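# Overview (structure and organization)
Listed below are the residues making up each chain.
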Amino acid sequence: MSEARSATLKEVLDRRVREGDLYESIERNRIRCFACGHCCPIAEGQLGVCKVRFNRGGKLYVPWGYVGGVQCDPIEKKPFFHAYSGALAYSFGMLGCDLHCAYCQNWVTSQALRDPDAVSPPRDATPEALVADALDQGAQVLVSTYNEPLITAEWAVAIFREAKARGLVTGFVSNGNGTPQVLEYIRPWVDLYKVDLKSFDDRHYRELGGRLQPILDTIRMLYTMGVWLEIVTLLIPGFNDSDDELQRLTEFVASVSRDIPWHVTAFHADYKMGDTRDTRPEDLMRAVSIARDSGLRYVYAGNLPGRIGDYENTRCPQCRELLIERHGYLIEKYRLTPKGACPKCHAQIPGRWAEKFRGQISDRPFAPRRREPLVRIESRS
């Protein structure tokens with residue numbers, strides 16, 4: 001039954017494509033895709049690693065014209081702590097991923113076509129309708145997330161063109177497995193970028209279906225491009241939580257810039273990793289201490305609100321004044337100046353700040369309140 005549903009989902013998705021931009025021809029109808037760090041050489045009739053980009057007649061076809069999920073999130077959930085605090089982030093995703101993390105919390109969308117149990121029916125959408133819906137909700141930010149946005153970059157750029165024309169900020173929430181080609185392609189259209197730096201061990205990345213080096217190259221390139229960058233590491237006991245690995249990881253981030261916010265977040269058992277214990281507050285605090293010793297100025301601990309001391313908050317690194325006080329996604333106090341500076345010592349705090357904090361529409365996710373729901377594409381059982 002599951003295989004039948006999965007096959008039908010593939011048929012549905014294969015009708016919602018257009019020719020992609022991020023590829024080159026090789027020979028004998030073979031092509032090379034540049035959407036992610038795999039740089040898949042794809043033969044006629046075959047799929048890339050992501051399962052959603054494929055070769056038809058010597059051309060690359062890519063996902064188009066649908067969403068696999070839409071949700072309104074506080075921007076702090078992404079998490080962006082140094083960008084438009086309190087803003088509502090209208091978040092959309094498609095289906096598919098270039099990695100296969102056993103602990104994925106978005107596996108229903110990200111592992112579609114790879115896992116027969118991951119079936120999330122897509123819904124027809126247009127860039128204009130998504131942007132109009134985002135504005136109707138009161139969103140300031142439009143974010144591609146829930147699956148890996150790099151593998152659906154052409155669709156995201158089409159939406160972001162419309163979004164920026166309507167005054168919205170745009171962002172990617174991504175595993176960071178990029179290429180120079182895809183980063184240059186999205187560069188004019190993406191303001192904010194969150195990278196999941198999942199480990200600092202190439203062997204661990206290969207377990208997840210990738211390699212470490214493309215992620216490190218992406219982080220460096222995004223910072224050089226001037227895209228606002230924040231980095232997240234989900235701390236998984238027994239996988240990526242050794243002192244040595246955390247030291248090397250945070251020293252790398254500091255070598256790019258000490259001002260990049262680093263979020264270390266708590267793991268809870270999910271998907272295929274149900275036997276690993278949950279991350280404890282003391283695990284997060286140990287990682288925070290290592291990161292601060294590595295020289296990072298903005299270190300945050302997440303997913304355990306109220307249990308990790310001061311590390312949900314933003315303080316001035318110069319005078320230690322409390323600038324933004326948080327509890328989970330809730331902004332309890334906001335004291336930055338309109339120019340994004342400390343009101344006490346006037347030190348500039350790196351980030352993308354609004355001139356005025358206008359409060360929050362919501363401190364928790366919610367489904368968009370649509371006047372007219374998006375059309376659902378029914379898959380056959």
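Residues numbered from 1 in each chain as written. Predicted model: local features only at pLDDT ≥ 70, side-chain atom pairs only at ≥ 80, totals over all residues. Heavy atoms only, no water.

### With respect to the confidence of the model for the protein
Looking at the protein as a whole, the pLDDT averages 92, with 94% of positions reaching at least 70. In this model, residues 1-7 is a region of pLDDT below 50 whose contacts with residues beyond four sequence positions or in other chains number seven contacts. Across residues 375-381, confidence stays below pLDDT 50; counting only partners more than four residues off in sequence or on other chains, it has 15 contacts. (pLDDT = per-residue confidence, 0-100. Contact = heavy atoms within 4.5 Å.)

### Description of the pairing of strand E9 (residues 88-93)
Most of E9 sits out of view: six of its six residues are buried. Every second residue of E9 is oriented toward a common face, with Leu 88, Tyr 90 and Phe 92 on one face and Ala 89, Ser 91 and Gly 93 on the other, all of them buried. Relative to E9, strand E8 (residues 69-74) runs antiparallel, the two being bridged by six bridges. Its bridge partner being in E9, Gly 69 is matched across the sheet by Gly 93. Strand direction decides the pairing type here: E9 and strand E11 (residues 141-144), joined by four bridges, are parallel. Each residue of the ladder has a partner; that of Tyr 90, found in E11, is Leu 142. (Buried < 20%, exposed > 50% of the residue type's maximum accessible area, 1.4 Å probe, protein only. Helix = DSSP H or I, 4+ residues; strand = E, 2+ residues; numbered from the N terminus. Pairing = 2+ DSSP bridges.)

### Points about helix H8 (residues 243-256)
With 14 residues, H8 should cover 20 Å at 1.5 Å per step; its first-to-last C-alpha distance of 20 Å lies within 8% of that length. Of all the residues in H8, the buried ones are Glu 245, Leu 246, Leu 249, Thr 250, Phe 252, Val 253, Ala 254 and Val 256. Summarising the contacts, the buried residues of H8 are in contact with helix H6 (202-207), helix H7 (212-225), strand E14 (228-235), strand E15 (262-266) and helix H9 (281-293). (Expected span 1.5 Å × (residues − 1).)

### Digging into unusual backbone geometry
Omega for the bond connecting Lys 78 with Pro 79 falls within 30 degrees of zero, at -10 degrees, which places this linkage in the cis form. Relative to the helices and strands, Pro 79 resides in the loop between E8 and E9. Despite not being glycine, Asn 29 shows a phi value in the positive range, around 65 degrees. Turning to its location among the elements, Asn 29 is positioned in the loop between strand E2 (23-25) and strand E3 (31-33). Positive phi is not limited to glycine here, since Lys 51 has a value of about 75 degrees.

### Focus: the sheet that holds strand E13 (residues 192-196)
Ordered by their spatial adjacency, eight strands build an open sheet running E8-E9-E11-E12-E13-E14-E15-E16, and the pairing between neighbours is mixed. At either end of the open sheet lies a strand with only one pairing partner, and these are E8 and strand E16 (299-302). Neighbour to neighbour, the strand axes of the sheet diverge by 20 degrees on average, direction disregarded. By the bridge criterion, four bridges tie E15 to E16 in an arrangement that is parallel. (Axes fitted to C-alpha atoms, helices over the stretch in contact; angles between N-to-C directions.)

### Description of the sheet that holds E3
Pairing is antiparallel in the open sheet, where three strands are placed in the order E2-E3-E4. At either margin of the open sheet sits one strand with a lone partner, and together these are E2 and strand E4 (41-42).

### Some details on helix H4 (residues 153-165)
Here H4 contains 13 residues, and its C-alpha end-to-end distance of 18 Å stays within 8% of the 18 Å for a straight helix at 1.5 Å per residue. Within H4, the full set of buried residues consists of Ala 153, Glu 154, Trp 155, Ala 156, Val 157, Ala 158, Ile 159, Phe 160 and Ala 163. Looking one or two places after H4, you find Gly 167, whose phi comes out positive at around 90 degrees.

### Regarding the nonpolar core
Formed by 75 residues in total, the largest nonpolar core has its most connected members in Leu 142, Ile 186, Tyr 193, Leu 197, Ile 219 and Trp 262. In terms of residue count, the dominant contributor to this core is H4 (seven residues). Once you skip the residues sitting within four places of it in the chain, Tyr 193 turns out to touch Phe 80, Leu 150, Phe 172, Ser 174, Gly 176, Leu 183, Ile 186, Leu 222, Val 227, Trp 228, Leu 229 and Glu 230. (Core = buried A, V, L, I, M, F, W, Y, C linked by side-chain atoms within 4.5 Å.)

### With respect to the state of the cysteines
Counted under the stated rule, the structure contains zero disulfides. Note on Cys 33: no disulfide assigned, nearest cysteine sulfur contributed by Cys 36 at a separation of 6.4 Å. Overall, the relative accessible area of 6% leaves Cys 33 in the buried class. The cysteine Cys 50 is free of any disulfide, with Cys 33 supplying the nearest cysteine sulfur at 6.5 Å. (Disulfide = S-S within 2.5 Å.)

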